[in-house]
Amino acid sequence: MTSIRRRPAQRRGLLTLTVVLLTALLAPMAPATAAGEPMIWGAHVARRSGESEQQAVQNLEASLDQSLRGSRIFVLWDQQFPDSYHNWLRSTDHTLVLSVKARRLDGQRIPWSSIANAAPGQAIHNDIVSWSTRIKNWGAPIYFIFNHEPEASTNLQNGDATDFKNAWRRIVTVFREQGVTNAKYLLTMTDYSFFVNPSDRRRAEKWYPGDDVVDAIGGDSYNWYTCRGSNEGWKSLQSIIDPLRQFGTQHPTKELWLPEFATIEDPAQPGRKAAWLAAAQALFQQPGWEQFRGALYFHTEHDNNQYPACNWWVDSSTQSRDAFAAMGADPYFGGEGEPPPPPPPGSGLLFVVGNPAALTTGDTAVRNRLTAAGHTVTLADDDTVTAGDATGQAAVLISASVSSSLTSRFRDVTVPVLTWKPWIYDDMRMTGTTADVSYGNTSASAAVITAAGHPLAASRTGTVALYATNQTIGFGVPNSGTGGATTVATVSGQPGIFVYESGASMVGGTPAPGCRIAFPASATSPAAFESGGGALFDAAVDYAAGNCAA
């Protein structure tokens, strides 16, 4: 296990609350978050094997060899707060993030409109005043969440977006009238609310109560992968929460939070969850992510009646537990360990496809070919992938199965890009912009090597059989002038395999930010590779993965 200096024993305890106590934020080193303080690292900790809530936190902290700094707690409208567990969290300097649901212990839902319209003297208004008194008397900074994930279908019985926003504003107004000064109000949505279509009723901005009554914006964020019964694609945390980050840029004075985040393991790739957590640790320290203030892992399992395969436990493997511990030890997150070394060069391949849950025959053949060659492959959906997902990867591969709407999303990444989607060549500045002239498709089964000896030629010369029969495959006309691209092979007399080395002059004169390779294939043709076609494709992958070094 990673060697981590343990915090004083009296500070060991943290997890099940949504109220954040800022005294635990002050660490010796001040990282470059927008607040100038460490991010709050913590969790919601569920009980196992007869543990009490306090014991669950203590046992997790013992396994991590350090204390958590933030804790997510969930309570109902008429539930006791604080209780002895909550008070213990406060006494041990845990940051609390408190979620209060508009539902009673007996299951009765409280309409948001009744909260919004509560007048002094009415029972609901008295309840709001009672909550304000308890928060005020808490005596420590706290993050208050009213009815997390309001847009989820499970909350439809409470009302609509207008009802929710009015209820939120009413609660904040009463709290302020009652003299509450120690609370920050954290709007918490689902991750998908930030990337669904703007016309979707769940879209985050439709539920936003206003900058004057919101201090922080959060998204509960999950990599579901296969645990909901279908393959949704393995998603990096960056691809999941970048829409939240972009939403935050519209509200630059607000903190951004992950009140919940988690991933499952990948049975086919042990260590993939640990790598996901390590990438999350590095992500928040990148330029443009300074607005994030806290991240609390969802240390539990999903409701077994709904999705029994969703095992979120952070200690689902030793590697995953240690990766989460390393995140907590990082001074950026308030830890007391040494800052981590710079990340090693990327070793995996980001494979962008049209639908990870329903791969084309060609995409299946490519994935199988890559894994058989020993590559670590991350499938990414063209609808949700971002340029940031290239971080930490050796190369990006873009299939012809992607939509042309992917356009220039990977144009400026510095890692090598290998693509066989000619309809984005112009967006990538690899060719001109005239379809069927600057780029397009042609019918061919063979390629003619024009740069024998180049690594992309795979030691082939002359005519090389790519496929057993003619396939509709891509071509492109690159900038072949001085300092431009090298055409390695042609198909039907047009450039099929060509490469811009990093810094080479692309169409329009812009230097290539990283190596760019075009290959003549389609969404299905890789399933029909002849040995020569397979050899050339493998050479292209190896060249890209090796940072285009001979």
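Numbering of residues begins from 1 in every chain and follows the order in which that chain's sequence is written. Thresholds applied to this predicted model are a pLDDT of at least 70 for local features of residues and 80 or more for the giving and counting of side-chain atom pairs; totals over whole chains, interfaces and linings are not thresholded and use all residues. With hydrogens and water stripped out, all remaining heavy atoms of the structure feed into the side-chain values.

Caption draft 1: Structural context of the packing of aromatic side chains. Aromatic pairing here means that ring centres of Phe, Tyr or Trp (its six-membered ring) are within 6.5 Å. Orientation follows from the plane angle: under 30 degrees is stacked, over 60 is edge-to-face, and everything else is tilted. What the rule picks out here adds up to 38 aromatic pairs. Centroid distance Y208 to F247: 5.9 Å. Interplanar angle 75°. Geometry classified as edge-to-face. Placement of Y208 in the loop between β5 (183-190) and β6 (216-223) and of F247 in helix α6 (residues 237-249) is noted, with a sequence separation of 39 residues between them. In this scheme, a residue with accessible area under 20% of its type's maximum is buried, one over 50% is exposed, and one in between is partly exposed, where area comes from a 1.4 Å probe on protein chains only. By relative accessible area, Y208 is classed as buried at 11%. Residue class for F247 comes out buried when judged on its relative accessible area of 6%. Starting at the N terminus, helices and strands are each numbered in turn, a helix being any DSSP run of H or I of at least four residues and a strand any DSSP run of E of at least two.

Caption draft 2: Here's a closer look at the nonpolar core. Within this scheme, the nonpolar core is defined by two criteria: the residues are buried Ala, Val, Leu, Ile, Met, Phe, Trp, Tyr or Cys, and they are joined through side-chain atoms within 4.5 Å. Ranked by size, the top nonpolar core spans 89 residues in total, and within it F146 and F284 carry the most contacts. Counting residues per element, this core draws most heavily on helix α5 (residues 161-177), at 8 residues. For this analysis, residues touch if any pair of their heavy atoms sits within 4.5 Å. Ignoring sequence-local partners within four residues, the contact set of F146 consists of W77, V100, A102, W112, I115, F164, A167, W168 and I171. Counting residues in each nonpolar core, the second largest holds 45 residues, with I449, Y467, A521 and F537 among its members.

Caption draft 3: Just the sheet that holds strand β18 (residues 494-500), in detail. Pairing in this open sheet of 9 strands is mixed, and the strands run β10-β9-β11-β12-β19-β18-β17-β14-β15 from one edge to the other. Of all strands in the sheet, those bounded by a partner on one side alone are β10 (376-381) and β15 (463-465). Taken pair by pair, the neighbouring strands of this sheet meet at an average axis angle of 25°, ignoring direction. Any two strands between which DSSP finds at least two bridges are classified as paired. Of the strand pairs in this sheet, strand β12 (residues 417-419) and strand β19 (residues 516-518) are connected by 3 bridges, and their pairing is parallel. The residue bridging T419 from the neighbouring strand is A518, located in β19. All axes here are fitted lines through C-alpha atoms, helices being fitted over the stretch that makes contact, and every angle between N-to-C directions spans 0 to 180 degrees. Strands β9 (348-353), β10 and β11 (393-398) of the sheet are contacted by helix α9 (residues 361-372), whose axis makes an angle of about 175° with β9.

Caption draft 4: Broad picture of unusual backbone geometry. The linkage connecting F81 with the following residue, P82, adopts the cis geometry, with an omega of -5°. Notably, Y225 is not glycine yet its phi reads approximately 50°, a positive angle. Given the relative accessible area of 13%, Y225 is considered buried. A positive phi angle, near 40°, is found at T407, a position not held by glycine.

Caption draft 5: Region of the structure containing the packing of α6 against helix α7 (residues 272-283). One can describe the packing of α6 onto α7 by two numbers: an axis separation of 10 Å at closest approach and a directional angle of 40°. Between α6 and α7, the angle is such that the two are oblique. Residue-level inspection shows L237, Q238, I240 and I241 of α6 in contact with α7, the latter providing W276, A280 and L283. Residue classes follow a fixed rule: Ala, Val, Leu, Ile, Met, Phe, Trp, Tyr, Cys and Pro count as nonpolar, while Asp, Glu, Lys and Arg count as charged, and any other residue, Gly among them, counts as polar. Split into classes, the residues belonging to the contact of α6 with α7 amount to 6 nonpolar, 1 polar and no charged. Orientation labels follow simple angle bins: below 35 degrees gives roughly parallel, above 145 gives roughly antiparallel, 65 to 115 gives roughly perpendicular, and whatever is left gives oblique.

Caption draft 6: Structural context of α5. Expected helix span is taken as 1.5 Å per residue step, with the number of steps being one fewer than the number of residues. Helix length check: α5 (17 residues) gives 24 Å between terminal C-alpha atoms against 24 Å at 1.5 Å per residue, within 8%. Those residues of α5 that fall on the buried side of the exposure criterion are A161, F164, A167, W168, R170, I171, V172, V174 and F175. Where α5 is buried, its residues contact α3 (112-116), α4 (123-138), β4 (142-146) and β5. Of the residues trailing α5, G179 is marked for its positive phi of about 85°.

Caption draft 7: Fine view of the pattern of salt bridges. Salt bridges are counted wherever a side-chain nitrogen of Lys or Arg sits within 4 Å of a carboxyl oxygen of Asp or Glu. By the definition in use, this model includes 16 salt bridges. For D412, the salt bridge identified is with R411, shortest N-O distance 3.2 Å. Among the residues examined, R411 registers a relative accessible area of 23% and is labelled partly exposed. Shared partners join several salt bridges into a network, and the residues in it are R72, D220 and E260.

Caption draft 8: Examining the sheet that holds strand β7 (residues 255-263) more closely. Taken in spatial order, the 8 strands line up as β1-β2-β3-β4-β5-β6-β7-β8 and close into a barrel, and their pairing is parallel. Going from strand to strand, the sheet's axes swing by 30° on average, the running direction of each strand aside. Taken strand by strand, helix α2 (residues 84-91) contacts β2 (70-76) and β3 (95-101), and its axis lies near 160° from that of β2. Packing against the sheet, helix α8 (residues 318-329) makes contact with β1 (40-45), β7 and β8 (292-299), and its axis sits at approximately 140° to β1.

Caption draft 9: Representation of the pairing of β10 within the structure. Where burial is concerned, most of β10 is hidden: 5 out of the 6 residues are buried. Judged from the 6 bridges that link them, β9 and β10 form a sheet pairing that is parallel. By the bridge assignment for β10, V353 is matched with D381. Seen with the strands pointing away from the viewer, any crossover whose path from the first strand over the helix to the second strand runs clockwise is right-handed. With α9 bridging β9 and its parallel neighbour β10, the resulting β-α-β unit is right-handed.

Caption draft 10: Structural detail: the environment of E151. Residue position: E151 is located in the loop between β4 and α5. We classify E151 as buried; its relative accessible area is 0%. Separated by 43 residues in sequence, E151 and Q108 place their C-alpha atoms 19 Å apart. Ignoring any residue separated from it by four or fewer positions in sequence, one finds E151 in contact with M189, T190, Y192, S193, R201, R202 and W207. Polar side-chain contacts of E151 include one of 2.3 Å to the side chain of T190. Contacts described as polar in this section are N or O atom pairs within 3.5 Å, which, within protein, must combine one atom able to donate a hydrogen with one able to accept it, while residues neighboring in sequence count only if both atoms come from side chains.

Caption draft 11: Expanded view of the state of the cysteines. A pair of sulfur atoms, both from cysteines and within 2.5 Å, is called a disulfide here. One pass over the structure, following the stated rule, counts 2 disulfides. Paired by a disulfide, C227 and C310 hold their sulfur atoms 2.0 Å apart. Classification of the bridge connecting C227 and C310 rests on its S-S torsion, roughly 85°, and on that basis the disulfide is right-handed. Separated by 83 residues along the polypeptide, C227 in the loop between β6 and α6 and C310 in the loop between β8 and α8 bring together distant segments of the chain.

Caption draft 12: A look at α7. In this model, α7 (12 residues) spans 16 Å end to end at C-alpha, consistent with the 16 Å of a helix rising 1.5 Å per residue. For α7, the complete set of buried residues consists of R272, K273, A274, W276, L277, A280, Q281 and L283. At its buried positions, α7 is contacted by β6, α6, β7, β8, α8 and β10.

Caption draft 13: Highlighting the confidence of the model for the protein. Taken over all residues, the pLDDT of the protein has a mean of 91, while the share at 70 or more is 92%. Contacts for the low-pLDDT stretch residues 1-30, under 50 throughout, to residues beyond four places or in other chains number 144 contacts. Per residue, pLDDT measures the predictor's confidence, with a range of 0 to 100.

Caption draft 14: Region of interest: the environment of G493. Mapping G493 onto the fold places it in the loop between β17 (486-491) and β18. Since its relative accessible area comes to 65%, G493 is described here as exposed. Sequence-wise, G493 and V448 are 45 residues apart; in three dimensions their C-alpha atoms are separated by 8.3 Å.

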